[in-house]
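Residues per chain, in single letters:
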Amino acid sequence: MERISTPQELEAILGENVKALRLQKNLDRQTLCHHAGISQNALRHLEGGKGATLKTLIRVIRALDRESWLASIAPQISINPLHMIREKRPRQRASRRTYDKKEKT
């Protein structure tokens, strides 16, 4: 698996994937923009990897019926058994500080 090293590369790959999905569903830009409620310029930016807002991405993903992509970003939180282990009691007071008892001359 190839490692993506920069945000710009990731943005370009994401844009290519959105464009491929749009073409796979046989949608032109104007139709997708109408369904997503965005401008054609915003879609061009998204597909070209030239910077798009998160709101634009979410609207396009919903219009393409791929909301599962969003669910895969933040997986469900489950209980970790290690967190169930009884923790130490919370401290009631601060530890005693020890100071050097040397007198300064």
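These remarks concern the structure in this document. (Residues numbered from 1 in each chain as written. Predicted model: local features only at pLDDT ≥ 70, side-chain atom pairs only at ≥ 80, totals over all residues. Heavy atoms only, no water.)

1. Re unusual backbone geometry
Moving on, step 1. Of note in the backbone geometry, N26 takes a positive phi value of approximately 60 degrees without being a glycine.
Moving on, step 2. Phi is positive for D65, which is not a glycine, with a value near 60 degrees.
Moving on, step 3. The exposure class of D65 is exposed, given its relative accessible area of 59%. (Buried < 20%, exposed > 50% of the residue type's maximum accessible area, 1.4 Å probe, protein only.)

2. So, the packing of helix α2 (residues 29–36) against helix α3 (residues 40–48)
Moving on, step 1. Interhelical geometry of α2 versus α3 gives an angle of 105 degrees and a closest axis separation of 9 Å. Put simply, α2 runs roughly perpendicular to α3. Together, R29, Q30, L32 and C33 of α2 and Q40, L43, R44 and E47 of α3 make up the contact between the two elements. (Axes fitted to C-alpha atoms, helices over the stretch in contact; angles between N-to-C directions. Helix = DSSP H or I, 4+ residues; strand = E, 2+ residues; numbered from the N terminus. Parallel < 35°, antiparallel > 145°, perpendicular 65-115°, else oblique. Contact = heavy atoms within 4.5 Å.)

3. Observations regarding the pattern of salt bridges
Moving on, step 1. Scanning the model with the defined rule gives three salt bridges in all.
Moving on, step 2. Its salt-bridge partner being R22, residue E47 comes within 2.6 Å of it at the nearest N-O pair. Here R22 lies in helix α1 (residues 7–24) and E47 lies in helix α3, a separation of 25 residues in the sequence. This pair shows no difference in class: E47 is buried, exactly as R22 is.
Moving on, step 3. In this structure, the salt-bridge partner of E47 is R29, at a minimum N-O distance of 3.1 Å. One end of the pair, E47, is in helix α3; the other, R29, is in helix α2, with 18 residues separating them in the sequence.
Moving on, step 4. Residue classification places R29 among the partly exposed residues on the basis of a relative accessible area of 26%.
Moving on, step 5. When salt bridges that share partners are traced, they join R22, R29 and E47 into one network. (Salt bridge = Lys/Arg side-chain N within 4 Å of Asp/Glu carboxyl O.)

4. Topic: the side chain of E47
Moving on, step 1. Here E47 falls in the buried class, since its relative accessible area comes to 7%.
Moving on, step 2. Reaching out from E47, the side chain makes a polar contact with the side chain of R29 at a distance of 3.1 Å. (Polar contact = N/O pair within 3.5 Å; in protein donor to acceptor, adjacent residues only side chain to side chain.)

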